Amino acid sequence: MDAPSRRFALPVVSALLAFAVCAPLLGRGFVLSYDMVFAPRQYFVPDAFGIGDTLPRSVPADAAVALATTVLPGDIVQKIVLLLAVFGAALGAGRLVPTEHLGTRLVAATAYAWTPYVAERLFIGHWPLLLTYACLPWIVDAGLKTREHEPNALPKLVLACAPAVLTPPGGVLAAVVMAVAAGSRRLWQTIAIAVVLNLPWLVPTFLHAGGTYSDPAGVTAFSARAESWGPALLSVLGLGGIWNAETVPGSRSLPLIPVLTLTVVAIAVAGLAPLTGRWGKAPARSLFGLGVAGVLLASLATLPGGDALLTAATRHLPGAGLLRDAQKWVAWWALPLALGFALAIEVAAAKLKSERGRVALVTAAAVFPLLTLPDLAWGGWGRLGTAQYPADWRAVSEVLGDRPGDVLTLPLSAFRGFAWNDDRTQLDPAPRVLPKPVLMDDTLQVGQDRVAGEDPRIGDVRAATSARELTDAGIGWILVEHGTPGYVDTRLLADATPVWSGEWLTLYRTPGVPAVKAISWTPALLANGVALASLCVALLCLMLPMRTLGRGRSSPPQKE
C-alpha cells in the first residue's frame, strides 16, 4: 500500500464504521429512543442552563443543542453528533496507539469504537456520553503531549475536552483521564482546566435550591447487571453490563461471550509491556490503573458491601447521585483494553514467519469486534429508526405565546410510547420541543424498584385536585399527550380552558395568573461565558503564531 493510501486508510475505516452503525438513521427524521430526544428547534429555557427546579443532569448539553438548532435543523444536528461519536472514537484510538503499523491502528480503532459500551449507550440514548467516549483518546493524546511539554499542548488539551463536558458524568470522565494522561506535575493545570470547562454544570449544582441528593433506591436499580452466565463483573470487563436489559444487544447473552471477554482481557494485559516500552512506565501504568478503577467502580454495587456503601454515599453526600448508573465509569477501561489488545496482536504478528500469516492475524483481530457484536450494525439491526414529529407539536409551540407559567405534561410519566415513533420507549419530548419550561413526573420505575424524581414540585402536582391548584404551583398550561400509556386525572382539566386540540396533543390553559418565581440567570450565564472564553482562548493560541511571543526563551523538555 502506497503512502497516500496508508494515510487515508484509518479515516476511511473510521468513517465506514460510523456509517455501518448509523446508515439507517441518516434519512430525514429524528432518532427518539429512551433518553435521546432531539427537537426541530430547541429553546434556551432555564432548565437548559440548570437553573430550573431539577438537578442539571443535561447541562450544558441542552444549551449547546439549542445553540446548534438556531443554525441547523435538529435532526441534522443529531445525525452529525451520532456520526462524529463513532468516527471520532475509531479515529482517535487508531491515532493514539504508539505504532508505525497501519494494521495495529485499525485493530485499535475497531476494538475501541465497536464495543458493547457504544451499543448500549447508543440504544439507551446517552449521546453526550458517546461524545465523551469519543473524546477520551484525543484527551489522552493531548495529555501526553502536555506531559512532555510540547508546544501548544495545553490549548489542544482544552479543545479535546470541550465536547466531553456536556454533562456532569462526561465532565468527570474527561477530567480524570486528562489528569492521568498529563501527569502529577501538571495536576494544577489540569484541575484548573477541568473546573473552568465544567463550570456550566458545577455552578447551578452548587446553587440548586432543592439540594443535590438523589434517591438511594437508584443505586440498586441502576447497578450493573450480568448479560450472560458470568457475574456482572465479567460483563463490565467486556465493556457491557448496563442496568437496562432492554438496551442490551442480543449477542451479549451468547454463552461464548464471557470466555471471549476473558481472552481479550488476557491479550490486552499482555499488551501492557509494549505500551510501557513506548510511552514510559508512568503514563502506561496510570492509564491501565485508571481502567481497573473504572471496572471496580462500575461493578461496585454488585460486589460484597458495595451496594450498602453506595447507598450510604447517595443518602449523605451531596452529588453522590453521579455514582448511580455506575457502569458508565467503565469507559476508563475501554482505552487501555483497546490499546493493549492492538499492541499484543502486533507483537504476536511480528513473530510469524510469513507475511500472509501476519496479515491474516491482524485482519482477524480487526474484524473480531464486529463478529462478536454484529447487532450494533445498521442501527442495532433495526432497533433504532427515524420518525417525524406530528404537526401538533409545532402548533402547540406557537399557541403557548408569552403567557407566564410552566407547562405540565400528562400522563404523569417521564417516558412515552407513540405510534408515530413505532411505539418505541422514549423520554417525553415536551421539555425539548416547547419554548417554555416543562414540568414532568421524573419518577422512574426500574423493574420492581421505584426511583423518586428530583423535581420538588411533583409532590404538589400529585396532590392537586384542580387546575386552580396547579396555577398556584406555577403551572400556566396543561399539555395532554394522546396515544401513549398512562392515566390522566380529569379533575385537573375540569376548570381548565382548552385552547388547542389535535390528534396527538390537547393544550389547556389554567385559570388565573400562575405564581411564577423569579429566576436569576446571571450565575449560569457567567459560568457558560467563562467556559466559552477558555475555549476561544485555546483556539486563538493554536491559530496565532505564539512562538514569536516566547522568542529568546527555551526550556528543555522534561520527562516524568
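Keep in mind it's a predicted model, so treat the numbers as computed, not measured.

**Q** What should I look at first to understand the layout of surface pockets in this one?
**A** Empty space among the atoms becomes apparent when a probe as large as a water molecule is rolled across them. As a volume, the second largest pocket reaches approximately 880 Å³. Together, 33 residues line the second largest pocket, and Ala64, Leu131, Ala162, Pro163 and Leu166 are the ones closest to its centre. Looking at the lining of the second largest pocket, the elements that each hand over two or more residues are α2 (61–68), α3 (74–96), α6 (127–147) and α25 (522–543). Of the residues forming the lining of the second largest pocket, the biggest block, eight residues, is contributed by α3.

**Q** So what exactly am I meant to see when it comes to the pattern of salt bridges here?
**A** Pairing between side chains of opposite charge can happen when their charged atoms approach one another. On inspection of all chains with the given rule, the structure shows 15 salt bridges. A salt bridge links Asp325 to Arg121; its shortest N-O distance comes to 2.8 Å. Here Arg121 lies in helix α5 (residues 116–124) and Asp325 lies in the loop between α16 (306–316) and α17 (331–350), a separation of 204 residues in the sequence. In this structure, Asp325 and Arg121 share a single accessibility class: buried. Here Arg358 makes a salt bridge to Glu355, at a shortest N to O gap of 2.8 Å. A residue pair is termed a helical-turn pair when its members lie 3 or 4 positions apart in one helix, as Arg358 and Glu355 do in helix α18 (residues 355–372) at three residues. The network of salt bridges with shared partners includes Asp53, Asp406, Arg457 and Lys517.

**Q** Mind showing me how you'd approach the packing of aromatic side chains here?
**A** Under the criterion given, the structure shown has 14 aromatic pairs. Here a set of aromatic residues connected by ring pairs shows up, and it is made of Phe30, Tyr389, Trp393, Phe418, Trp420 and Trp504. The ring of Tyr43 is capped by Arg41, whose NZ or CZ atom sits 4.9 Å from the centre of that ring. The side chain of Arg403 reaches across the aromatic face of Trp477, ending 5.6 Å from its centre.

**Q** What exactly am I supposed to notice about α18 here?
**A** The periodicity of an α-helix, 3.6 residues per turn, causes residues three or four positions apart to be oriented the same way. If you check α18, its first and last C-alpha atoms are 26 Å apart, about what 18 residues at 1.5 Å a residue would give, namely 26 Å. Ala366 marks the point of greatest bend in α18, at about 35 degrees, and the proline Pro369 comes within the next four residues. Considered for burial, the residues of α18 that qualify are Val362, Ala365, Ala366 and Pro369.

**Q** Can you help me understand the sheet that holds strand β9 (residues 505–509) in this one?
**A** Paired through backbone hydrogen bonds, the strands of a sheet run either parallel or antiparallel to each other. Strand order in this open sheet of five strands is β4-β1-β7-β9-β8, and the pairing throughout is mixed. Strand pairing shows two members of the sheet lacking a second neighbour, β4 (438–439) and β8 (497–501), which therefore form its edges. As defined by bridge partners, strand β1 (residues 406–410) adjoins strand β7 (residues 475–481) across five bridges and the pair is classed as parallel. Within the sheet, the bridge partner assigned to Leu410 lies in β7 and is Val480. Contacts from helix α20 (residues 391–400) reach β1, β7, β8 and β9, with the element oriented near 10 degrees to β9.

**Q** Could you clarify how one ought to interpret the environment of Ala266 in this entry?
**A** Note on placement: Ala266 falls in helix α13 (residues 257–270). When the C-alpha atoms of Ala266 and Ile139 are compared, they prove to be 26 Å apart, with 127 residues separating the residues in sequence.

**Q** Would you mind going over the nonpolar core with me for this structure?
**A** The nonpolar side chains of a soluble globular protein tend to be buried, and buried together. Core analysis: the biggest nonpolar cluster contains 130 residues, and Trp127, Ile139 and Leu434 have the highest contact counts within it. If you tally residues by element for this core, the top one is α17, at 13 residues. When neighbours within four sequence positions are excluded, Ile139 is seen to be in contact with Leu157, Ala160, Cys161, Ala164, Ala174, Val177, Met178 and Ala181. Grouped together as the second largest cluster of nonpolar side chains are 15 residues, Ile458, Ile475, Val480 and Leu493 included.

**Q** Can you help me understand the pairing of β9 in this one?
**A** In summary, the side chains of a regular strand alternate between the two faces of the sheet. Burial analysis of β9 places four of its five residues in the buried class, the great majority of the element. Strand direction decides the pairing type here: β7 and β9, joined by five bridges, are antiparallel. Paired with Trp477 across the two strands is Arg509, which belongs to β9. As paired elements, β8 and β9 share four bridges and run antiparallel to each other. Of the residues in β9, the one forming a bridge with Thr497 is Arg509. Between the antiparallel neighbours β8 and β9 lie three residues.

**Q** What should I look at first to understand unusual backbone geometry in this one?
**A** With an omega of 0 degrees, the peptide bond between Val59 and Pro60 qualifies as cis. Tracing the chain through its elements places Pro60 in the loop between α1 (3–22) and α2. Residues other than glycine seldom take positive phi values, yet His149 does so here, at roughly 60 degrees. Position of His149 relative to the elements: it lies in the loop between α6 and α7 (153–161). Overall, His149 belongs to the partly exposed group, its relative accessible area being 35%. In this structure, Asn152 is a non-glycine residue whose phi angle is positive, near 60 degrees. By secondary structure assignment, the location of Asn152 is in the loop between α6 and α7. When its relative accessible area of 31% is taken as the criterion, Asn152 is described as partly exposed.

Rules behind the numbers
Residues numbered from 1 in each chain as written. Predicted model: local features only at pLDDT ≥ 70, side-chain atom pairs only at ≥ 80, totals over all residues. Heavy atoms only, no water. 1 Å grid on protein atoms, 1.4 Å probe; cavity = no way out; pocket = protein on both sides within 12 Å on 5 of 7 lines; lining within 4 Å. Points joined across faces, edges and corners; volume = space filled by probe spheres on them. Helix = DSSP H or I, 4+ residues; strand = E, 2+ residues; numbered from the N terminus. Salt bridge = Lys/Arg side-chain N within 4 Å of Asp/Glu carboxyl O. Buried < 20%, exposed > 50% of the residue type's maximum accessible area, 1.4 Å probe, protein only. Phe/Tyr/Trp six-rings, centres within 6.5 Å; stacked < 30°, edge-to-face > 60°. Lys NZ or Arg CZ within 6 Å of the ring centre and 35° of its normal. Expected span 1.5 Å × (residues − 1). Bend = angle between axes of the 7 residues up to and from the residue. Pairing = 2+ DSSP bridges. Contact = heavy atoms within 4.5 Å. Axes fitted to C-alpha atoms, helices over the stretch in contact; angles between N-to-C directions. Core = buried A, V, L, I, M, F, W, Y, C linked by side-chain atoms within 4.5 Å.

Fair warning: the whole summary comes from geometry, so function is off the table for now.
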